[in-house]
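Chain by chain, the residues:
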Amino acid sequence: MSTISIVVAIADNYAIGKDQQLLWHLPADMKHFRVLTTGHTIIMGRKTFESLPNGALPKRKNVILTSHTDTTFENAYPCKSLKDALELCKDEEEVFIIGGAQVYHQTINDVDKLYVTHVHQSYDDADAFFPKIDLNQWEEVGREDFSTDEKNLIPYSFVTYIRRK
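Definitions and cut-offs
Residues numbered from 1 in each chain as written. Predicted model: local features only at pLDDT ≥ 70, side-chain atom pairs only at ≥ 80, totals over all residues. Heavy atoms only, no water. Helix = DSSP H or I, 4+ residues; strand = E, 2+ residues; numbered from the N terminus. Buried < 20%, exposed > 50% of the residue type's maximum accessible area, 1.4 Å probe, protein only. Core = buried A, V, L, I, M, F, W, Y, C linked by side-chain atoms within 4.5 Å. Contact = heavy atoms within 4.5 Å. 1 Å grid on protein atoms, 1.4 Å probe; cavity = no way out; pocket = protein on both sides within 12 Å on 5 of 7 lines; lining within 4 Å. Points joined across faces, edges and corners; volume = space filled by probe spheres on them. Nonpolar A, V, L, I, M, F, W, Y, C, P; charged D, E, K, R; others polar. Salt bridge = Lys/Arg side-chain N within 4 Å of Asp/Glu carboxyl O.

1. Let's talk about unusual backbone geometry
Stage number 1. Going from Gly99 to Gly100, the amide bond is cis rather than trans, its omega being 0°.
Stage number 2. Within the element layout of this structure, Gly100 appears in the loop between strand S6 (94-97) and helix H4 (101-107).
Stage number 3. Positive phi, close to 65°, is recorded for Gln20, a residue that is not glycine.
Stage number 4. With respect to the helices and strands, Gln20 occurs in the loop between strand S2 (15-17) and helix H1 (27-37).
Stage number 5. Given the relative accessible area of 46%, Gln20 is considered partly exposed.
Stage number 6. Even without a glycine there, the phi angle at Asn75 is positive, about 60°.
Stage number 7. Under the relative-accessibility criterion, Asn75 is labelled exposed at 61%.

Right, here's the structure in full:
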């Protein structure tokens, strides 16, 4: 069975987006996401897929959770449920859920690992939020902290959590 992981960038107030867009521009986070997910399956909701500027992400199997399974998505596989999506990639070592908010809320109790970019700022105008990370359920097993630089104007941390047994 695959390890099921969530990849997400969240603000201090658990905000993740507004109007189907990210709230910040952090090139280091984009690179981190690309390194983690390239060569793997990524599972996302239809709205997240539609928000991608260039369609399906390259060098990854793109799976879309949607009730509109009769719709065709270029270079992507529509699935009605997480169960169906996981069946498509049952032989893979690790599968990544990449959003959006509804999908995160529906799947957080079914995943094994969280790769979280903590963006050290709050966004009061956000309209999409990640579920609270309950440290009684999740153990931090890795952390890298970064201050600002010329390309990344907000401090951030890459944190990995695994589900407590």
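We are not done yet, so read on.
2. Let's talk about the nonpolar core
For soluble globular proteins, nonpolar side chains are generally found buried alongside one another.
Stage number 1. Grouped together as the largest cluster of nonpolar side chains are 29 residues, with contacts concentrated most on Ile6, Ile43, Ile97, Leu114, Phe130 and Ile133.
Stage number 2. When residues of this core are traced back to their parent elements, those giving at least two are strand S1 (3-11), strand S4 (61-65), helix H3 (82-88), S6, H4, strand S7 (113-119) and strand S10 (156-163).
Stage number 3. Setting aside residues no more than four positions away along its own chain, Ile6 makes contact with Ile97, Tyr104, Thr107, Ile108, Val111, Lys113, Leu114, Tyr115 and Phe130.
Stage number 4. Leu36, Leu57, Phe73 and Phe96 belong to the second largest nonpolar core, which has 15 residues in total.

3. Quick word on the layout of surface pockets
Stage number 1. Computed from the structure, the largest pocket encloses a volume of approximately 1,300 Å³.
Stage number 2. For the largest pocket, the lining is made up of 45 residues, of which Thr48, Ser51, Ile98, Gly99 and Gly100 are closest to its centre.
Stage number 3. Contributions of two or more residues to the lining of the largest pocket are made by S1, S2, H1, helix H2 (46-51) and H4.
Stage number 4. At six residues, the largest contribution of residues to the lining of the largest pocket is made by H4.
Stage number 5. Looking at the lining of the largest pocket residue by residue, the class counts come to 19 nonpolar, 18 polar and eight charged.

4. Quick word on the pattern of salt bridges
Pairs may arise between side chains of opposite charge once their charged atoms sit close together.
Stage number 1. By the definition in use, this model includes five salt bridges.
Stage number 2. Among the ionic pairs, Glu50 bridges to Arg46, the shortest N-O distance being 3.0 Å. Note that Glu50 and Arg46 are positioned in helix H2 at a spacing of four residues, about one turn of the helix.
Stage number 3. Overall, the relative accessible area of 25% leaves Arg46 in the partly exposed class.
Stage number 4. We note a salt bridge from Asp145 to Arg143, for which the minimum N-O separation is 3.1 Å.
Stage number 5. Judged by its relative accessible area of 53%, Asp145 falls in the exposed class.
Stage number 6. Here the residues in one salt-bridge network are Glu140, Arg143 and Asp145, joined through shared partners.

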